[in-house]
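An overview of the molecular structure
One-letter residues, chain by chain:
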Amino acid sequence: MHTVVLENVVKTHGQVVAVDDVTLSIKSGEFFSILGPSGSGKTTILRLIAGLDVPDSGTITLQQRIVNADPPHVRPVNMVFQHYALFPHMTVFENIAFGLRMHRQSRQDIREAVEEMVALVRLKGKTQRFPAQLSGGEQQRVALARALVNRPVVLLLDEPLAALDQQLRQDMQAELKRLQQEVNATFICVTHQQDEALMLSDRLGVMHRGTLLQVGTPQEIYEQPVSSTVAKFIGLSNSLSGMVTRTENNFCWIQAEAFPTVMARCPEGGVEHGSATVMVRPERLHISVDGPVNGYENTFPAIVHHVVFHGNEMFYQFRLRNDAIWTARVPIAGTHARPLVPGQSVYLQWAAHDGLVLSS
Amino acid sequence: MIRVPRSVGISGLLVLMFLYLPVMVLIVLSFNASTMGVEWKGFSFQWYEKLLADRSIIDATVNSLMIASISTVLSLLFGLGAAIGLETWRGRHTSWMNILILLPLVIPEILMGVALLMVFVLFQVPLGFGSIIIGHMVFNVPLTVVILRARLRKLDPTWEDAARDLGATSWEVLTHITLPMLRPAIWGAALLSFTVSLDDFVVTFFVAGPGSTTLPLKVFSMIKTGMTPEVNALSAIMVVVSMVFVGLSWIFQQRAPVSPTTPSSSE
Ligand SMILES: Nc1ncnc2c1ncn2[C@@H]1O[C@H](COP(=O)(O)OP(=O)(O)OP(=O)(O)O)[C@@H](O)[C@H]1O
Ligand SMILES: [Mg+2]
């Protein structure tokens with residue numbers, strides 16, 4: 001069953017088309033992420049679902065009911081705002097109680113519900129503080145509690161973890177998953193962190209300039225991106241353009257200028273002959289220092305360009321023959337006893353099934 | 001603290017002295033025991049005692065306070081409505097309205113006084129408390145609107161969005177979110193309106209009627225019969241009271257503007 005359905009939704013702000021003909025169905029109880037770069041229309045989609053913005057055209061359906069004309073206060077939807085938007089003149093208790101007060105609950109019910117929420121988001125003992133007296137992580141929890149206390153059918157989260165530091169973000173990711181299971185609601189979460197979207201979501205949609213490029217499970221999107229824009233957005237940064245010369249058994253052969261013929265996986269729906277792009281994930285590149293080794297279909301000579309130490313990984317940048325820069329990620333515990341140095345000549349090797357061809 | 005060349009600092013001091021010298025002289029002389037002139041004859045409270053004994057001054061004080069209070073409250077109500085309305089529909093047809101609403105603050109007061117008097121006579125409004133209150137609202141409403149709008153602009157609209165999302169109707173957004181966040185600005189506007197109303201002479205002079213003499217009018221009529229130390233004492237009180245009110249108003253308006261981004265967010 002679908003809780004939220006958007007059909008051909010368009011929203012413009014003056015000249016800017018913030019959301020351009022988006023059609024999307026979100027299942028009941030799903031953790032759905034909307035992933036996209038800044039300005040791609042993610043927040044606008046949430047505001048349309050919440051009723052804070054009204055679509056120019058198209059329909060929005062909540063629980064089988066068209067809600068285009070419903071004001072926000074009657075929709076069974078609550079939102080955690082990008083910067084939390086906690087009410088600064090109210091205590092934590094009053095912030096969380098606000099929704100219940102607006103729904104005319106009795107004092108006793110409000111107190112019980114708020115206490116339950118406070119326990120759920122682990123804010124015991126902080127209810128009499130004001131938002132300015134809380135840490136970023138605690139403010140985040142208040143924002144979650146304030147939205148969840150109304151028992152929404154759908155919870156909208158606008159970059160809920162963006163303002164938190166790395167450690168806190170990882171804790172809160174787990175926390176979000178736990179909360180969703182406990183309150184049993186549909187979560188729609190906006191982010192521009194691809195790892196976050198891939199980790200948290202049951203399904204996700206990738207947005208770009210107001211349009212929804214692809215919707216699918218994290219695995220589908222990671223392994224079968226429909227276009228190079230999607231592929232780039234989820235971390236497939238190495239690409240090479242060429243012409244498709246042959247396709248066979250879900251593999252394509254691509255001829256790029258100054259390179260030997262490249263062999264890579266075809267996309268799900270096949271590929272037309274003509275120009276295409278090959279994409280290879282940085283963690284799938286094998287670096288051979290002492291000449292090519294067997295077991296890889298593709299071998300490119302390359303020059304080490306830049307070396308970045310990343311804690312548990314090394315990031316290497318290589319310059320290819322056509323001056324393109326490719327990156328590789330190698331775990332520190334890997335085989336390279338001595339790190340590469342800039343200027344060194346190496347061979348980049350990769351298996352055909354680790355490259356994906358996308359028509360361009 | 002900004003470091004400035006000494007000469008700039010001294011010229012600032014001179015400007016302040018220039019501004020406040022007359023007031024200081026007035027206050028000092030109000031404690032002068034001498035009945036006539038500016039010659040110092042010793043310290044005395046006698047003029048203040050005389051003031052308190054003068055029935056007509058007490059009446060004028062009560063009139064002034066009443067008029068100032070009522071015109072302040074009414075100006076706040078109208079000003080709040082206008083400010084919120086102008087901010088909500090900002091950008092559509094409001095640019096000319098912005099100018100229109102500020103015009104009363106820059107029109108010479110004497111013209112405003114004459115114009116008001118003509119309108120009151122035309123519509124046969126009796127001159128007295130009512131006409132003075134309306135007259136004061138002509139400048140108090142724009143003043144209130146300016147102060148409230150400055151604060152409204154600083155309010156992040158996502159607070160209102162959050163409240164609506166949590167189930168508040170637009171009326172509840174106003175009473176639970178917007179007004180509480182405006183509170184310092186409301187106090188600031190009220191104190192300033194009250195002071196301006198208390199001090200106004202020109203408009204009041206034109207639209208006052210019998211039995212509605214305010215303090216500034218009283219001072220004026222006392223001066224007509226000659227500068228007495230009593231006037232000094234009365235003026236000193238008015239100056240000090242006004243300065244205290246204006247100072248309080250400023251403090252309220254400076255109250256930490258509620259900022260949209262919370263201190264610990266990383267942006
Ligand atoms: N109230 C508005 N008035 C004018 N333009 C707007 C308004 N709100 C959004 N836009 C524009 O619509 C587009 C989409 O904005 P939106 O806030 O949905 O992006 P986003 O994906 O949430 O970006 P971010 O990751 O930076 O939050 C942007 O180009 C933005 O400038
Ligand atoms: Mg956004």
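Residues numbered from 1 in each chain as written. Chains lettered and ligands numbered in written order. Predicted model: local features only at pLDDT ≥ 70, side-chain atom pairs only at ≥ 80, totals over all residues. Heavy atoms only, no water.

The next point concerns the site of ligand 1. Residue and element names in this part refer to chain A. Around ligand 1, 14 residues are found, and the nearest of them are Ser 38, Gly 39, Lys 42, Thr 43 and Thr 44. Take Gly 41: an N or O atom from its main chain is 3.0 Å from an oxygen atom of ligand 1. Relative to its free-state accessible area of 640 Å², ligand 1 is covered by the protein chains to the extent of 61%. Counting only elements with at least two residues in the shell around ligand 1, the list comes to strand S2 (16-27) and helix H1 (42-50). Here the shell around ligand 1 takes three residues from H1, the largest share from any one element. (Near = heavy atom within 4 Å. Polar contact = N/O pair within 3.5 Å; in protein donor to acceptor, adjacent residues only side chain to side chain. Areas by Shrake-Rupley, 256 points an atom, 1.4 Å probe, with all protein chains shown as cover. Helix = DSSP H or I, 4+ residues; strand = E, 2+ residues; numbered from the N terminus.)

All names here are of chain A. The strand order across the open sheet built from six strands is S6-S7-S8-S3-S9-S10, with neighbouring strands paired in mixed fashion. Each having just a single partner strand, strand S6 (77-80) and strand S10 (211-216) make up the two edges of the open sheet. The mean angle between the axes of side-by-side strands here comes to 20 degrees, regardless of whether they run parallel or antiparallel. The pairing of strand S9 (residues 203-208) with S10 spans five bridges and is antiparallel. If you follow His 208 over to S10, its bridge partner there is Thr 211. Taken strand by strand, helix H4 (residues 136-148) contacts S6, strand S7 (154-158) and strand S8 (186-191), and its axis lies near 175 degrees from that of S6. Across the sheet, helix H5 (residues 166-183) touches strand S3 (31-35), S7 and S8, and the angle it forms with S8 is around 155 degrees. (Pairing = 2+ DSSP bridges. Axes fitted to C-alpha atoms, helices over the stretch in contact; angles between N-to-C directions. Contact = heavy atoms within 4.5 Å.)

Moving on, we get to the packing of aromatic side chains. Applying the stated criterion across every chain yields a total of 17 aromatic pairs over all chains. For the ring pair Phe43(B) and Phe45(B), a centre distance of 5.4 Å and an interplane angle of 80 degrees mean the geometry is edge-to-face. By relative accessible area, which is 48% here, Phe45(B) ends up partly exposed. A network of ring pairs unites the aromatic residues Phe259(A), Phe300(A), Trp326(A) and Trp350(A) as a single cluster. Here the basic side chain of Arg281(A) rests over the ring of Tyr222(A), its NZ or CZ set 3.8 Å away from the ring centre. (Phe/Tyr/Trp six-rings, centres within 6.5 Å; stacked < 30°, edge-to-face > 60°. Buried < 20%, exposed > 50% of the residue type's maximum accessible area, 1.4 Å probe, protein only. Lys NZ or Arg CZ within 6 Å of the ring centre and 35° of its normal.)

On to the pattern of salt bridges. Residue and element names in this part refer to chain A. Scanning all chains against the criterion turns up 20 salt bridges over all chains. Residue Glu 30 is joined to Arg 203 by a salt bridge in which the shortest nitrogen-to-oxygen separation is 2.5 Å. Residue Glu 30 is found in the loop between S2 and S3, and its partner Arg 203 is found in strand S9; the two are separated by 173 residues along the sequence. A relative accessible area of 5% places Glu 30 in the buried class. Taking the shortest distance from any N to any O, the salt bridge between Asp 70 and Arg 65 comes out at 2.5 Å. Since its relative accessible area comes to 17%, Asp 70 is described here as buried. Taken together, the shared-partner salt bridges connect Arg 122, Arg 141, Glu 175, Arg 178 and Glu 182 into one network. (Salt bridge = Lys/Arg side-chain N within 4 Å of Asp/Glu carboxyl O.)

Purely spatial values, then, with no claim about function.
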